[in-house]
Amino acid sequence: MNRLFVFSLIVFSGLFFDRLNIFKIYLLSTVLHETGHVIAYRFFTNKMPYIDVSAFGYKMYNNVLHNKFYILILLRGPVTNLIIASFALILINYKGTFTVYIWFFVNFFIFIFNILPVYFLDGGQVLYCLSPFYQRNYIIISIFTVIIISVMVYSFTDISLSFALFLIYFIINMLNDI
């Protein structure tokens, strides 16, 4: 099935059925996350990167030769989400509306998720640049991390079949990208 079609179907259904605006905030936050990468990429290369759209979101391909710049580009996305979450946390102290709480939790979740040591996420790419041990064992570490996080999420929530299907799709997508 075409990835763009699946992504469009997810976006359309999320926008149509999202009465609490959680999905809309998530979409905007992921766009801001990728914009952080693009701004850093433009700063270091003076070119626009190639961006791919998949069912999990966006993926930017880098052609940066120096690891120091590549690491800064990788960290700019999660830092953007951390800045937004921090700003939302400050706003919660002044006016704690439901929407502000959603902005905080969505951006904090995106930050935590992206710094996980999974190869195709920002944290995994940073570790790949910095650690020879991770370079040798990134597949095992990535799969182990996904399984551990999945068990933790499964044990703390009532999600069963849908989460298992998501986990299978996530691991298959990860192995295809590696």
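Refer to the structure presented above.
Draft legend 1. The arrangement of unusual backbone geometry in detail. Even without being glycine, N46 reaches a positive phi, approximately 60°. Here N46 is to be found in the loop between helix 2 (22-45) and strand 1 (50-54).

Draft legend 2. The arrangement of the packing of helix 2 against helix 4 (residues 98-114) in detail. Between helix 2 and helix 4, the shortest axis-to-axis distance is 10 Å and the interhelical angle comes to 45°. Taken together, the axis directions place helix 2 and helix 4 in an arrangement best described as oblique. Crossing of helix 2 against helix 4: the hand is right-handed. Only T99, I102, W103, V106, N107, I110 and N114 of helix 4 make contact with helix 2, whose side of the interface consists of I22, I25, Y26, L28, S29, T30 and H33. Partitioning the contact of helix 2 with helix 4 into residue classes produces 8 nonpolar, 6 polar and no charged.

Draft legend 3. Representation of the environment of L74 in the model. Take L74: it is sitting in helix 3 (residues 67-94). For L74 and G124, which are 50 residues apart along the polypeptide, the C-alpha to C-alpha distance reads 9.7 Å. Beyond its immediate stretch of four places on either side in the chain, L74 contacts H37, N62, D122, Q125 and V126.

Conventions and cut-offs
- Residues numbered from 1 in each chain as written.
- Predicted model: local features only at pLDDT ≥ 70, side-chain atom pairs only at ≥ 80, totals over all residues.
- Heavy atoms only, no water.
- Helix = DSSP H or I, 4+ residues; strand = E, 2+ residues; numbered from the N terminus.
- Axes fitted to C-alpha atoms, helices over the stretch in contact; angles between N-to-C directions.
- Parallel < 35°, antiparallel > 145°, perpendicular 65-115°, else oblique.
- Left-handed = near helix turned anticlockwise from the far one by under 90°.
- Contact = heavy atoms within 4.5 Å.
- Nonpolar A, V, L, I, M, F, W, Y, C, P; charged D, E, K, R; others polar.

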